[in-house]
Amino acid sequence: MRRHRNTKIVATLGPASESYEMIRALHEAGADVFRLNMSHGQHDEIREKHRIIRQIEKELDSPIGILADLQGPKLRVGTFANGEEELEIGAAFRLDLDEAEGTATRVRLPHPEIFAALEVGAHLLVNDGKIRLKVTACGADFADCEVINGGTISNRKGVNVPDVVLPLAALSEKDRADLEFVCQLGVDWLALSFVQRPEDVEEARLLAGGRAAILSKIEKPSAVACIDDILAVSDGIMVARGDLGVELPVQNVPPIQKRIIRKCRAAAKPVIVATQMLESMIDSPMPTRAEVSDVATAIYEGTDAIMLSAESAAGSFPVEAVTTMDNVAKEVESDPTYRDVIEASRAPTRRTVADGIVAAAREIAEASHIKVICCFTQSGTTALLTARERPRVPIIAMTSLRGTARRLALSWGVNCVMTSELDRFKQAVINSARAARSQGFATEDDQIVVTAGVPFNVPGTTNILRVAPCAERLIYASDPE
């Protein structure tokens, strides 16, 4: 299904979007990738959503990406005798391992690993940062704190610890079980929560065993501090602005978002901007002007994808939310300023033959009124390198591997077309011309650029570029063999 935009849309599925009719409507409205949130829903429910997506994919002959978002370890306080308490600024409050119900002066925090990592002066954030505590004394089983920001604290509220790297694995036992389940199911991407260090990503990759690509969620200051190392071992990145905006001052988030997008583009790895993009559309059919501006900003910055969370999972207007994102993306990408920004942020990369081939393909296409760049790819690398160039013309990724096509559904500007395995470059050119015509990118009077690797079906061998006519008779006339 051809999109008339380059930026991809990720839609989270949930109670508001679990039927066949709604999921199909979301895809037709513009959702390129569906996110399955493993924090909610039983395995049987996840399996059914996966089945529906694959059914729609088959019916529409349109590769659809599926991203399973692992929950990660959840840090929460215990319960209170009264259900909740009010913490006043300047008051003393203790967190400990005592199993007794909480009071106005203490509550259980059943995570000894937090106490082991805390230092005097560290901060703890409770209930999405609404309550801020500063550690004044700590030991192996307690932390005495001063209330810096007060408010209501209640049963099992979440705790964030922004100032220290916690000795916690990014994968809980639940995550390990969920990872194995979704890999056997056949998802395309695994989103890894609570990433603090590259070792967290490597552990998930080992467990996945090549069955799914790994996308690291950047939501902690420690992850921002070592983003280069995390990016190096990840297949993609999500800028998870929700927790990031809790653990860091909110004004820090926009520049971090911009830097991460540029780093991902330079590395030719997809990046998603996520959380609260159209939050008001949970309850309203229209977004706020500020939300539209936020979505537009991410697109101007060159993100590969923008994501809906509760808006499509639990909101009253999921299709309208996807339609809004689709409309904003098309409008921004038609703005001449968008091209100015995208091209000004292109960093020259000429390390390999493949880098040179894709750069040449873009330059030839833009200088010669070429209609489309067609790249043959097995692993997806050639398509990712082409997308990094952010060409003015569309990209068609030709692949014989359904899994590759599905993973590329997350990447900027990539339109995937399935093809048979080939052993001759001439047939690749013919198949490219057919795809360009059938998808509406070109006519018989147009020309296309084709890139491929010879020998075929060997990853990482992009070494050939050809400008070819779209008319098959001209292809045969110029290459009778």
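Residues numbered from 1 in each chain as written. Predicted model: local features only at pLDDT ≥ 70, side-chain atom pairs only at ≥ 80, totals over all residues. Heavy atoms only, no water.

Bringing the pattern of salt bridges into the picture now. With the rule as written, the count across this model stands at 35 salt bridges. One salt bridge connects Lys-220 with Glu-247, and the closest N-O pair in it is separated by 3.0 Å. Taken together, the residues span a long stretch of sequence, with Lys-220 in the loop between β13 (213-218) and α6 (221-225) and Glu-247 in helix α8 (residues 241-247) at a distance of 27 residues. Classification of Lys-220 by relative accessible area gives buried; the value is 2%. Look at Glu-247 and you get buried, because its relative accessible area is 8%. Several salt bridges converge on common partners, so that one network encompasses Arg-3, Arg-5, Asp-32, Asp-326 and Lys-330. (Salt bridge = Lys/Arg side-chain N within 4 Å of Asp/Glu carboxyl O. Helix = DSSP H or I, 4+ residues; strand = E, 2+ residues; numbered from the N terminus. Buried < 20%, exposed > 50% of the residue type's maximum accessible area, 1.4 Å probe, protein only.)

This part is about the sheet that holds strand β1 (residues 8-13). Read around the closed barrel, the eight strands follow the order β1-β2-β3-β12-β13-β14-β15-β16; overall the barrel is parallel. Between one strand and the next, the sheet's axes are offset by a mean angle of 25°, whatever the strand orientation. Two strands pair when backbone bridges link them, and β1 and strand β2 (residues 33-37) are joined in this way by four bridges, in the parallel orientation. Along β2, the bridge assignment pairs Thr-12 with Arg-35. (Pairing = 2+ DSSP bridges. Axes fitted to C-alpha atoms, helices over the stretch in contact; angles between N-to-C directions.)

Read across the sheet, five strands follow the order β19-β18-β17-β20-β21 without closing on themselves; strand pairing throughout is mixed. Of all the strands in the sheet, the pair left with one neighbour each is β19 (414-418) and β21 (462-469). Taking the axes of each pair of neighbouring strands and ignoring which way they run, one obtains an average angle of 25° across the sheet. One ladder, built from four bridges, connects strand β17 (residues 373-376) with strand β18 (residues 395-399); its direction is parallel. Opposite Cys-375, over in β18, you have Ala-397 as the bridge partner. Lying on the sheet, helix α14 (residues 353-367) is in contact with β17, β20 (447-453) and β21; it crosses β21 at an angle near 20°. Sitting on the sheet, helix α17 (residues 425-438) touches β17, β18, β19, β20 and β21, and the angle it makes with β20 is about 135°. (Contact = heavy atoms within 4.5 Å.)

Before going further, it helps to examine the nonpolar core. Grouped together as the largest cluster of nonpolar side chains are 79 residues, with contacts concentrated most on Phe-34, Leu-190, Ile-237 and Ile-260. For this core, the leading source of residues is helix α12 (residues 318-333), giving six residues. Membership of the second largest hydrophobic core comes to 28 residues, among which are Leu-87, Phe-115, Cys-145 and Leu-168. (Core = buried A, V, L, I, M, F, W, Y, C linked by side-chain atoms within 4.5 Å.)

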